[in-house]
Amino acid sequence: MSVNKVILVGRLGRDPETRYTGGGQAVANFSVATDESYKDKNGERQKRTEWHKIVVWGKQAEIAQQYLKKGSLVFIEGRIQSREWQDKEGQKKTSFEIVATNFRMLGGKGDGSSGGGGYNRGAASTGSGGGDEFEQGGSASPSDDTLGGGPSSSQEISDEDIPF
């Protein structure tokens, strides 16, 4: 048995950028910063920031584009995915990104987010105070019924599908 699951709570480093694949599938990219506080060997408090590349597909990408803004506090759930390529000098490079399967906007109006909405691909809408809700339980990857022809769990993602 194996598990590839990531949960992050952090702030957007930039507004989402949304593009569309040749088949019309929306894909949004943005970065999220998480902070860790610790005491160094001298007992002084230190803070370390880790940046995460986030990718969202389909209707979820369109919702991210509409509601997420730089500085917004967000809960992200997804999986780690690696990509390999060769740079201009022929060196093999690897990058890691989080393919989000669920996100929820956290915080209030004063912190750069639009309130407690979220989105998870799948079932019916629910509403609970704190803002617009997009919580919708469901599957982990876009299916062919969302905006036509995006990658599904049985279909490989090609280099043309990657927007950056």
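The rules behind these values
Residues numbered from 1 in each chain as written. Predicted model: local features only at pLDDT ≥ 70, side-chain atom pairs only at ≥ 80, totals over all residues. Heavy atoms only, no water. Helix = DSSP H or I, 4+ residues; strand = E, 2+ residues; numbered from the N terminus. Areas by Shrake-Rupley, 256 points an atom, 1.4 Å probe, with all protein chains shown as cover. Core = buried A, V, L, I, M, F, W, Y, C linked by side-chain atoms within 4.5 Å. Buried < 20%, exposed > 50% of the residue type's maximum accessible area, 1.4 Å probe, protein only. Contact = heavy atoms within 4.5 Å. Pairing = 2+ DSSP bridges. Salt bridge = Lys/Arg side-chain N within 4 Å of Asp/Glu carboxyl O.

(A) Examining the overall build of the chain more closely. Helix and strand content of the chain: one helix and seven strands. Moving toward the C terminus, one meets the helices and strands of the chain in the order β-β-β-β-α-β-β-β. Within the structure as shown, the chain displays about 9,500 Å² of accessible surface, and the carbon and sulfur contribution to it stands at 47%.

(B) Examining the nonpolar core more closely. Formed by 19 residues in total, the largest nonpolar core has its most connected members in Phe 30, Ile 54, Val 56, Leu 68 and Ile 76. Of all the secondary-structure elements, those providing two or more residues to this core are strand 1 (6-12), strand 3 (26-39), strand 4 (45-57), helix 1 (58-67), strand 5 (73-86) and strand 6 (92-106). When near neighbours in sequence (up to four residues on either side) are disregarded, Phe 30 contacts Leu 12, Arg 14, Asp 15, Pro 16, His 52, Lys 53, Ile 54, Val 56, Ala 64, Leu 68 and Ile 76.

(C) Spotlight on the pairing of strand 4. Sheet topology note: the strand 3/strand 4 ladder contains 13 bridges and is antiparallel. Looking across to strand 4, one finds that Ser 31 is bridged to Lys 53. Note: strand 4 against strand 6, two bridges, orientation parallel. Bridging across to strand 6, Val 55 finds its partner in Val 99.

(D) Just the side chain of Glu 77, in detail. Residue position: Glu 77 is located in strand 5. Look at Glu 77 and you get buried, because its relative accessible area is 15%. Once residues within four sequence positions are removed from consideration, Glu 77 is found in contact with Lys 5, Val 6, Ile 7, Val 99, Ala 100, Thr 101 and Asn 102.

(E) Broad picture of the pattern of salt bridges. Scanning all chains against the criterion turns up nine salt bridges. With a shortest N-O distance of 3.2 Å, Arg 14 and Glu 17 are connected by a salt bridge. Judged by its relative accessible area of 30%, Arg 14 falls in the partly exposed class. Take Glu 17: its relative accessible area is 36%, and that puts it in the partly exposed class. Notably, a salt bridge pairs Glu 97 with Arg 83, separated by 3.4 Å at the nearest N-O pair. With Glu 97 in strand 6 and Arg 83 in strand 5, this pair connects stretches of sequence that are 14 residues apart. The pair Glu 97 / Arg 83 is uniform in exposure class, with both members buried. Residues joined by salt bridges that share partners form a network here, namely Arg 14, Glu 17 and Arg 19.

(F) Seen up close, the environment of Lys 53. By the secondary structure assignment, Lys 53 is in strand 4. In this structure Lys 53 touches Phe 30, Ser 95, Phe 96, Glu 97 and Ile 98, once residues within four positions along its chain are discounted.

Just distances and angles here, no functional claims.
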